[in-house]
Amino acid sequence: MALQIPVVELAPGVNLPTIGFGTWQITGRSAYESARTALDVGYRHIDTATMYGNEEQIGRALRDSGVERTEIFITTKLPPAQSGRERQTIEASLKALGVDYVDLWLIHWPPARGRSLPTWISFLEQRDAGRIRSAGVSNYDTALIDELVKETGETPVVNQVAWSPAQHDPQFLDDMRQRRVVVEGYSSLKNTPLDDPRLVAIASAHKVTVPQVVLRWQLHHDIVIIPKSTREARMRDNLDVLGFSLTADEIATIDAGF
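We now turn to the structure provided with this report.

About the criteria used
- Per chain, the residues get numbers from 1 upward, laid out in the order the sequence is written.
- With the structure being a predicted model, the display of local features is reserved for residues of pLDDT at least 70 and the display and counting of side-chain atom pairs for 80 or more, all residues being used for whole-chain, interface and lining totals.
- Side-chain descriptors were evaluated using all non-hydrogen atoms of the structure, hydrogens and water having been removed beforehand.
- For the purposes of this entry, the term helix denotes a DSSP run of H or I that reaches at least four residues, the term strand denotes a run of E that reaches at least two, and both are numbered from the N terminus.
- Our radius of gyration looks at C-alpha atoms and nothing else; its globule reference is 2.2 Å times the residue count to the power 0.38.
- Only protein chains enter the area calculation, which uses a 1.4 Å probe; residues under 20% of their type maximum are buried, those over 50% are exposed, and those in between are partly exposed.
- By definition in these notes, contact holds between two residues if any of their heavy atoms fall within 4.5 Å.
- Method for areas: the Shrake-Rupley scheme with a 1.4 Å probe, in which residue coverage is limited to the protein chains shown.
- Asp and Glu count as negative and Lys and Arg as positive, but His and the ends of the chain are not part of the count.
- Taken as the charge location is NZ of Lys, CZ of Arg, CG of Asp or CD of Glu.
- In this scheme, strands are said to pair when DSSP sees at least two bridges between them.
- Throughout, an axis means a line fitted to C-alpha atoms (over the contacting stretch in the case of helices), and angles, computed between N-to-C directions, take values from 0 to 180 degrees.
- Angles below 35 degrees are treated as roughly parallel, those above 145 as roughly antiparallel, those between 65 and 115 as roughly perpendicular, and all remaining angles as oblique.
- Ten residues, namely Ala, Val, Leu, Ile, Met, Phe, Trp, Tyr, Cys and Pro, are considered nonpolar, four, namely Asp, Glu, Lys and Arg, are considered charged, and the remaining ones, Gly among them, are considered polar.

What to know about the overall build of the protein chain
- If you tally the helices and strands in the protein chain, you get 10 helices and 10 strands.
- Relative to the compact-globule value of 18 Å for 258 residues, the protein chain shows a C-alpha radius of gyration of 18 Å, a close match.
- Once the C-alpha set of the protein chain is aligned to its principal axes, its extents read approximately 50 × 40 × 30 Å.
- Within the span of the protein chain, comprising 258 residues, buried residues form 52% of the whole.
- Nonlocal contacts in the protein chain, meaning residues at least 24 apart in sequence, comprise 72% of its contacts between residues at least 6 apart.
- If you sum the accessible surface of the protein chain, you get close to 11600 Å²; carbon and sulfur atoms cover 48% of it.
- Averaging the positions of the 27 positive and the 33 negative side-chain charges in the protein chain gives two centres separated by 4 Å.

Some points on the sheet that holds strand β8 (residues 158-162)
- Strand order in this open sheet of 8 strands is β3-β4-β5-β6-β7-β8-β9-β10, and the pairing throughout is parallel. Lying at the two open borders of the sheet, with one neighbouring strand each, are β3 (21-22) and β10 (224-225).
- The pairing of strand β5 (residues 73-78) with strand β6 (residues 104-107) spans 4 bridges and is parallel. Bridge pairing in β6 links Lys77 to Leu106.

Brief notes about the packing of helix α8 (residues 210-220) against helix α10 (residues 248-255)
- The contact between α8 and α10 brings their axes to 11 Å, and the two run at 100 degrees. Taken together, α8 and α10 sit at an angle that is classed as roughly perpendicular. Contacts between α8 and α10 pair Val213, Trp217 and His220 from the former with Ile251, Ile254 and Asp255 from the latter.
- Class assignment for the residues of the contact of α8 with α10 results in 4 nonpolar, 1 polar and 1 charged.

Listed below in structure tokens is the structure:
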């Protein structure tokens, strides 16, 4: 039985697990083996992208895992250079992944000036055609999201952005919450000094690791996490962050940044 990971509802019947498995820079056989292991230890949310070059390996891992398609949440992303070729790009992703639909499709980065809106309109068309179940963006600021909403009346359900204690921005989180946009954070560990004495002390108090503290901190702020690893032990550690909670003072210490 898979671990019960909390979910957030993006749309009726579309539930995003708040802990996902990131696959950036994991390619070839390593992508296949890592995704298989992640599914075996309980992950049910896999994050990939056309740009990562690993959709085919992940698709094979999905098929070989024995886990039902309906139990796995798959995210992929459109490279900004593919703006204007949305349908061809999503069809190529579906073929590589070996699935009929993805649960979430993101515009990976804002396309060249003036292209975000037509790209977003095409995303909505792909959703309505059933190729994707929900549509979102990545690396967008609030003003860009407001532009899409103003012109289409449709709000991206997710905004995936780099997030770490050093990048903590309460105003941005408030802006996203007000717009009912779920924030996913990536590269939180890469951008954090993991030897900082304050983080080490918090980790020691809970008998966990510093990376676990940083990931748990994100969850306390309702930020979906997508840590990546090719090591089974680390994958399990990243799921185990559900087993403890930080105090209000500890959260405030981390909020102050490093």
